[in-house]
Structures are given as C-alpha cells and as structure tokens.
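Below are the chains, spelled out letter by letter.
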Amino acid sequence: MLTHGSKESRVSRALLAFLAIALAAAALAPAADALPAKFWGVVPQSVPTPEQFARIKRGGVDSVRIPISWDSQPGPGATPDWSGVDTVIGHAAEAGVDILPYVYGAPSWAVPSAPVPGTHGGLSAAPRNLPAAGAAGRAWSSFLKLAVERYGPSGTFWSTHPKVPQQPIRTWQVWNEENFKYFVTRPNPAEYGKLVKISSAAIKSVDPGAKVVLGGLFARPNEARFKVKPPQAYFASDFLEKMYQRTPGIKSKFDGIALHPYSKKFQYLAPDIEEVRAVLKANGDAGKSLWITELGWSSETPNTADAFAKGVKGQVKQLKGGFSLLVRNQAKWHLRGVYWFSLEDGPPTACNFCGGAGLFGPGFVQKPAWSAYVKFAGGQP
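The structure contained in this document is the topic of the report that follows. (Residues numbered from 1 in each chain as written. Predicted model: local features only at pLDDT ≥ 70, side-chain atom pairs only at ≥ 80, totals over all residues. Heavy atoms only, no water.)

**Examining the state of the cysteines**
Evaluation of the coordinates by the stated rule reveals 1 disulfide. Through a disulfide, Cys351 is tied to Cys354; the S-S separation comes to 2.0 Å. The S-S bond linking Cys351 to Cys354 shows a torsion near 110 degrees; that makes this disulfide right-handed. When its relative accessible area of 22% is taken as the criterion, Cys351 is described as partly exposed. (Disulfide = S-S within 2.5 Å. Buried < 20%, exposed > 50% of the residue type's maximum accessible area, 1.4 Å probe, protein only.)

**A look at the packing of aromatic side chains**
For the structure on display, the rule yields 32 aromatic pairs. Look at Tyr244 and Phe254: their rings are 6.2 Å apart centre to centre, the planes differ by 55 degrees, and that puts the pair in the tilted class. Placement of Tyr244 in helix H7 (residues 236-246) and of Phe254 in the loop between H7 and strand E9 (256-260) is noted, with a sequence separation of 10 residues between them. Put simply, the rings of Trp70, Trp82, Tyr102, Tyr104, Trp109, Trp140, Phe143, Tyr151, Phe157, Trp158, Trp175 and Phe183 pair up and form one aromatic cluster. The aromatic ring of Phe235 is capped on one face by Arg220, whose charged end is 4.2 Å from the ring centroid. (Phe/Tyr/Trp six-rings, centres within 6.5 Å; stacked < 30°, edge-to-face > 60°. Helix = DSSP H or I, 4+ residues; strand = E, 2+ residues; numbered from the N terminus. Lys NZ or Arg CZ within 6 Å of the ring centre and 35° of its normal.)

**Remarks on the environment of Pro36**
By secondary structure assignment, the location of Pro36 is in the loop between helix H1 (7-28) and strand E1 (40-43). Through-space distance from the C-alpha of Pro36 to that of Glu275 is 23 Å; in sequence the pair is 239 residues apart. In contact with Pro36, other than residues within four places in its own chain, are Gln330, Leu335 and Arg336. (Contact = heavy atoms within 4.5 Å.)

**Notes on the nonpolar core**
Counting residues in hydrophobic clusters, the biggest one holds 107 residues, and the most contacted among them are Ile56, Ile89, Trp172, Tyr192 and Tyr373. Per element, the largest residue contribution to this core is 8 residues, and it comes from helix H4 (residues 134-151). Contact partners of Tyr192, with chain neighbours within four places excluded, come to Leu130, Val174, Trp175, Glu178, Leu214, Gly215, Phe239 and Met243. (Core = buried A, V, L, I, M, F, W, Y, C linked by side-chain atoms within 4.5 Å.)

**Concerning the pattern of salt bridges**
Close approach of charged atoms lets side chains of opposite charge pair. Counted under the stated rule, the structure contains 11 salt bridges. Put simply, Lys204 and Asp255 hold a salt bridge, and the shortest N to O gap is 3.1 Å. A residue pair is termed long-range when its members are at least 10 positions apart, and Lys204 in helix H6 (residues 189-206) and Asp255 in the loop between H7 and E9 qualify at 51 residues. Given the relative accessible area of 24%, Lys204 is considered partly exposed. (Salt bridge = Lys/Arg side-chain N within 4 Å of Asp/Glu carboxyl O.)

**A closer look at the packing of H6 against H7**
At a minimum axis distance of 8 Å, the contact between H6 and H7 shows a crossing angle of 70 degrees. One finds that H6 runs roughly perpendicular with respect to H7. The interaxial crossing formed by H6 with H7 has right-handed handedness. In contact with Pro189, Ala190, Tyr192 and Gly193 of H6, H7 contributes Phe239, Lys242, Met243 and Arg246. Looking at the contact of H6 with H7 residue by residue, the classes come out as 5 nonpolar, 1 polar and 2 charged. (Axes fitted to C-alpha atoms, helices over the stretch in contact; angles between N-to-C directions. Parallel < 35°, antiparallel > 145°, perpendicular 65-115°, else oblique. Left-handed = near helix turned anticlockwise from the far one by under 90°. Nonpolar A, V, L, I, M, F, W, Y, C, P; charged D, E, K, R; others polar.)

Here it is in structure tokens:
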C-alpha cells in the first residue's frame, strides 16, 4: 500500500487531478469538432488572392460565400462569362476552402430594372421583379442548370482544370435578401416562392443530391415599417410566413433557410432567430437547417449615423458575444453555418458599414477581430 507521502501517491493524485480538469473542460467548452462540418465562413468584398485564401484556411475558415450573377449572361442562349467565378472557385479549391454561392440578379434583356426607392433620385437600380415565370423564368432556370453543370459534381470546370483539387458545389442559395428593395425593388413573397420552386427543379435536374437554401433574409429592414405600396421590404419572419401561405407545395422545394440578422448589438440576434424558427415550426418545417450567411459589425469610429460602427474594440466585443451565442444555441437553432461579413474592408460607398466591416484592413492587415475569429474557428492567425 502506498503511504500518504510517497512519490507514487503524489504522481497518482496529480494524474487524477489532470484528468478531472481535462474532462471538465471537455464537458463545458464547446469543442470545434462538435459543430457541423464547414461551420465557419466569411464573405469577401473582393476576390481573395491565393495567399489570402491559404491564410484564412490556416485561420479556420471553412467556407467563403460568393455571388454568381445572372448579369454575366450577355443574351438569351449565350454562354455566360464564367471567368470571374472560375478564378475565385479555383483559388478556394486550391486552398481547401469550400464555396457557398448565392445566385441572383437579372440581365436587362430578361427583367427590366427599376430605381431603388429612397436612393437619392434612383442612383441605384435593381430588377423590378423576380424571374419567376414566363420567358424570364425559363431563362433563369437555364442559367442555373449551366452553373450546376459547370461547378457541380462532374462539372466542366473540374474536367477542364485537372490540376485544381475537385471540390464540387453541392449547396446553392437562391437570390440574396429577397425581402429587401436593394435586390428586387418590389419584394414579393409569393413571387419568391415561385422562384424557389423553379430553381429547385433546375438545380436538382442536374444534381439530384444538391441542397437548395433560401437567400439570406434581412432580419429587420427599417423599410419594412414604411406604410407604402408596393412594400419596399418585409421583416424576415413576415416574408417567410407569407411565402408559405402563398406557395402551395413549397416545403419540399428547399432544404434550409438563411438569415442576415444585422443588429445594433449581438443580444438582439436571439429574438431575430427565434422569430424565424417559430415560422418554420408553425409550418411543419422545424427540422430544417439555418445558415447565418451574413453577420457583422464595423471597426469604424462609433457615430450616430451608423448603428453598426463599434470601433476596433467594439467590433471584437460584438463578434465574441455573437459567436458565443450562436455556438451555445447551435443545436437548438439547427444552425448549419455562420459567415462573417466581411473578410476585408471594402469601399465605404458599398454600404453604410462596408468600409470597416472586415476582419482585415487595407493591405490585408489583420485586425483584432481576426484573432478573435480564429479562436472560435480553431485555427492559427
């Protein structure tokens, strides 16, 4: 028998104490591998270089969300210009980073554009309506098929670039912020439901195993409060509920939803998400996954004109609070992935906080927010 003061006893007690601490830490801390695969994402405002892709991969970024615009098709039946998309997908695949595309936009030959209300005389324009029916709907469906034929399983991009590691796209987002005037000047839940139905048919005709995700709904746009007709925007939960009500058979046409819960502070994320999940539950879709495909705050100096400007330290505080909340409730909310907007600072004119939204500043110099992101993602700065 070991005496109380023996060396063996002290070693045994130390080992047991170490094991107890390790087990407690495992039980209390949300391990990165407990989250769904490819959980951590970013949204770039420009095309990252191969070196930048390699760096963010080391930092724990699993996926990058990019646009694929129908505007790249110059005319009916013409071959789209895939060059820009090819570049970003190639760089991502070489770094081992997944791509989540959102397909949106419409060329003027298919859908007339219209001034975005409230943009100082219509300086911005967007499609007047969605390409959900008629000739526009058929052309949109054809474009989607071409995209899946190029970047999906056995896609022509992979066969014509044999040195690029194959990472076919299997998840597709239909449009972006379809409940908000900047992406369709006349948001319409019923019309969007029709767009989802024809989009699902087109995508799955090429890749039956593909997943179709709704475009990221802007959680609470201020324009949804305006008493104007036609509406300039809807709250995400209201838009989703009306889509269900006005689109028979919609439940089987999509595999998940996406939300952009931009808010003044991270504490408001929970009610925004809970509202949307309540709509899913009420419509018998409680099991569907949720993607947060845009979320972020700016490191710009706080000011009364921009609720998202938090300063350098404030940006870190919001990221830590928001990510902690999302990880803690991941299972409850069926959360599939989170994408920070944005990877790098963009043009200040792109949106009210785009100039400071990045994890990296000018020259791709990391901000403190990048270090905070990396700790959650389990990577290295």
